[in-house]
Amino acid sequence: MWGIVLVLCVGSRLLTTIYYIEDLDSLRFALSMVDYDVAKLQPHFPAYPVFCFVGKLIYTITGRYALAFSLIGGVSIFLIIFFLFKIAGIRNTSSVGLIAIFILLANPLLWLMSNRYMPDAMGVGLVLASLYFTTVQDDQPRKIGFGFFLAGVLGGVRLSCLPILIPALLMRLRGRWQTLRFIAAGAAGVTVWLAPLIILTGWESLVDAAQTHSRGHFLDFGGTISSEPGLGIRFAKLFESVWADGLGLYWNGRHLITACTTATLLGILVTNRRTKKNVKHSSFLSASFIGCMVYLIWIFCFQNVVHKSRHVLPLVPFLALFIAYACAKIVEESNRILKLVLIVFLCCYGYVALHLVVQHKKPTAIAQIHQYLKTKQSDKLHVVSVPLIKYYLAAQGLQATYTPIKTTEDLAKLDEKLNDTSELVAIGSPLHDRAPKTKKTFYHNPYVNRMWPELSLFEY
C-alpha cells in the first residue's frame, strides 16, 4: 500500500510540473540550481543548503531543475502522509487512512507547493518525521536522538518551520545525560549543513547576509507585525490562508463549487458528534497540537501572512487528518444521505484541487509579461518598474534598459535616459506625465499564487 501511495505522490507531481518561473522566490531557487551564491541571494538567507543540495543533485542527473523540484515535492508529500499516519497511529488501509490519503494527495496548497520551486513541502515532511521520532519513541533514546538530528537538519531546509517542533523537543529534555545527548544530536544535524555553508560562503559573508536579511525580514520587507502592524488584517488573512488556500473552501470572489465544498464539509463536521472523541486518541492533544499553537503565534507575529499563504502549510496535514476522522465516521456509521454528502464533498474538494493545479501550469501574470517582452526585447526597449520586477526580468536575461523606480526623483530622471527611438514600457503603474499608446493587463488566480495576481503593462 505504501508503494502505491509513493507512486501516486511522485507521479502526480511529475505530471503537474511547471516549466516557468512563477515569482521572485521561485526565481532565486531556480538560480541556485545553476549558481548557488548566498551573497547574490541565490537563494536568499537562510540559504536552504540541504534543500538546494538535494535539488542540485537531482538536477545534475536529470538536466531539468523543474523536474528536480517536482520530484522532491512528490517524495515530500509521501513523507508527510507516512509520518502523519505514524504519529496518529492509523493504518493506511482503514477507512480513515484511505480518506486521509485522498485529502492529503488532493489538498490544493500541498499540491501547489510541492510543484513550486520552493522547500516548504520538504520542510513539512521533515517536521512530521522529527515529531514522530521525538514523540512516539518512548523507550528508544536512539530514535529520539534521531528526531533531534532531523530537527537540526530542518534548519537547512525550512528554518521558519522550526517553532512547531519546540514543545516536542523541550518535553524530551529530562535528565542531564539524555539532555546533553539529544542536544548533541540536534547540533550534529545543524553541523551537516552549516559547516559546508560556511566553507562555501565564508564566515564574514554569511554573517553579513544573515544580519542584512534578518534585519530586513523582521523590521522592513518581511511582512512581520512590525512592518504590517494591522492586527485585524493579519488575523483575516491568516484565517483566509487556512480556510481558502489551505483547505480550498469558499471565500468572497471564489467559484461557487468552493461553496459546495464548504457546505458539505460543515454538514459532515456538524452531524458527526463523535469526532472529538476520536481525535483525543490522535496526536492533536499531544506535543503536536501544542506545537501547532506555537507555530500559529509565530507566523501571526513574524511571517508575511498578509501576502503569502504558504506559511500555513505545516498546519494543513493536521487539519486534513481531523477532517478525515469525521469523514470516516460517516462511512462507518451514518445513513445513505450523509454518505451521499460525503461523496459530494470529496468530489468537489478534488475538483477544486485539480482546477488550481491546471491553472498553475499556466504562467503567472509576471511570467506572462516576461514572455510578452521577450518578443520585443532589443537595445531600444526601455523598462520602467519597481526594483523587484526589474530583478525578475533581468535575471532571466531579458534584453532591455531598466529604470527601477524607488522615488519620484528616479522618475524625474527618466527623460535623460530616453531618445527618439526608445520603446518605453512601464509595468505596474502608468507614467503620469505621458499618455500610454496601449495598456495590457495580465492575470492569474490569486489562490494559485498570491504574488502580483494582476499586473498592467503600459506601452508608450
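Residues numbered from 1 in each chain as written. Predicted model: local features only at pLDDT ≥ 70, side-chain atom pairs only at ≥ 80, totals over all residues. Heavy atoms only, no water.

**Section: the overall build of the protein**
A tally of regular secondary structure across the protein gives 21 helices and 5 strands. Since a compact globule built from 460 residues should have a radius of gyration of about 23 Å, the 24 Å found for the protein is in line with a globular shape. Each of the three principal axes of the protein carries a C-alpha extent, and together these read 75 × 55 × 45 Å. Looking at the protein as a whole, 52% of its 460 residues qualify as buried. For the protein, the share of sequence-separated contacts (at least 6 apart) that also reach a separation of at least 24 residues comes to 70%. For the protein, the accessible area works out to roughly 21,000 Å², and carbon and sulfur atoms hold 64% of it. Considering the protein, the positive charge centre built from 43 side chains and the negative charge centre built from 26 side chains are found 13 Å apart. (Helix = DSSP H or I, 4+ residues; strand = E, 2+ residues; numbered from the N terminus. Rg over C-alpha atoms; globule rule 2.2 N^0.38 Å. Buried < 20%, exposed > 50% of the residue type's maximum accessible area, 1.4 Å probe, protein only. Contact = heavy atoms within 4.5 Å. Areas by Shrake-Rupley, 256 points an atom, 1.4 Å probe, with all protein chains shown as cover. Lys, Arg positive; Asp, Glu negative; His and termini not counted. Charge placed at Lys NZ, Arg CZ, Asp CG, Glu CD.)

**Some words on the pattern of salt bridges**
For the coordinates displayed, the defined rule picks out 11 salt bridges. When the shortest N-O distance is used, the salt bridge between Asp 120 and Arg 158 registers 3.1 Å. Taken together, the residues span a long stretch of sequence, with Asp 120 in helix 7 (residues 120-135) and Arg 158 in the loop between helix 8 (141-154) and helix 9 (166-171) at a distance of 38 residues. For Asp 120, a relative accessible area of 4% puts it in the buried group. Given the relative accessible area of 5%, Arg 158 is considered buried. Put simply, Arg 310 and Asp 120 hold a salt bridge, and the shortest N to O gap is 3.5 Å. Taken together, the residues Arg 310 in the loop between helix 15 (287-302) and helix 16 (316-333) and Asp 120 in helix 7 connect sequence positions 190 residues apart. (Salt bridge = Lys/Arg side-chain N within 4 Å of Asp/Glu carboxyl O.)

**Comments concerning the sheet that holds strand 2 (residues 401-404)**
The 5 strands are arranged 2-1-3-5-4 in an open sheet whose pairing can be described as mixed. Looking along the sheet, the strands with just one partner apiece sit at the ends: strand 2 and strand 4 (438-443). This sheet shows a mean twist of 20 degrees between the axes of neighbouring strands, independent of strand direction. Relative to strand 2, strand 1 (residues 381-385) runs parallel, the two sharing 4 bridges. When the sheet's bridge partners are listed, Val 383 is paired in strand 2 with Tyr 402. (Pairing = 2+ DSSP bridges. Axes fitted to C-alpha atoms, helices over the stretch in contact; angles between N-to-C directions.)

**Thoughts on the environment of Lys 56**
You can see Lys 56 is positioned in helix 3 (residues 49-62). A relative accessible area of 31% means that Lys 56 is categorised as partly exposed. Spatially, the C-alpha atom of Lys 56 lies 35 Å from that of Arg 91, the residues being 35 residues apart in sequence. Those residues in contact with Lys 56 that lie beyond four places of it in its chain are Ser 32, Met 33, Val 34 and Asp 35.

**Some points on the confidence of the model for the protein**
With 97% of its residues at a pLDDT of at least 70, the protein reaches an overall mean of 92. Within the protein, the element-level pLDDT minimum falls on helix 14 (residues 275-279), averaging 50, and the maximum on helix 6 (residues 108-115), averaging 98. (pLDDT = per-residue confidence, 0-100.)

**Re helix 2 (residues 24-34)**
The element helix 2 is extensively covered by neighbouring structure, given that 10 of its 11 residues are classed as buried. Listed in full, the buried residues belonging to helix 2 are Leu 24, Asp 25, Ser 26, Leu 27, Arg 28, Phe 29, Ala 30, Leu 31, Ser 32 and Met 33. Residues of helix 2 that are buried in the fold lie against helix 3, helix 4 (65-88) and helix 19 (387-395).

**Thoughts on the nonpolar core**
In terms of nonpolar packing, the biggest core is built from 124 residues, with Phe 51, Ile 81, Leu 128, Leu 373 and Leu 393 touching the most fellow members. The biggest single contributor to this core is helix 4, with 13 residues. The contact partners of Leu 393, leaving out residues within four places of it in the chain, are His 370, Leu 373, Val 383, Leu 398, Tyr 402 and Ile 427. Counting residues in each nonpolar core, the second largest holds 7 residues, with Val 384, Ala 426, Leu 431 and Phe 458 among its members. (Core = buried A, V, L, I, M, F, W, Y, C linked by side-chain atoms within 4.5 Å.)

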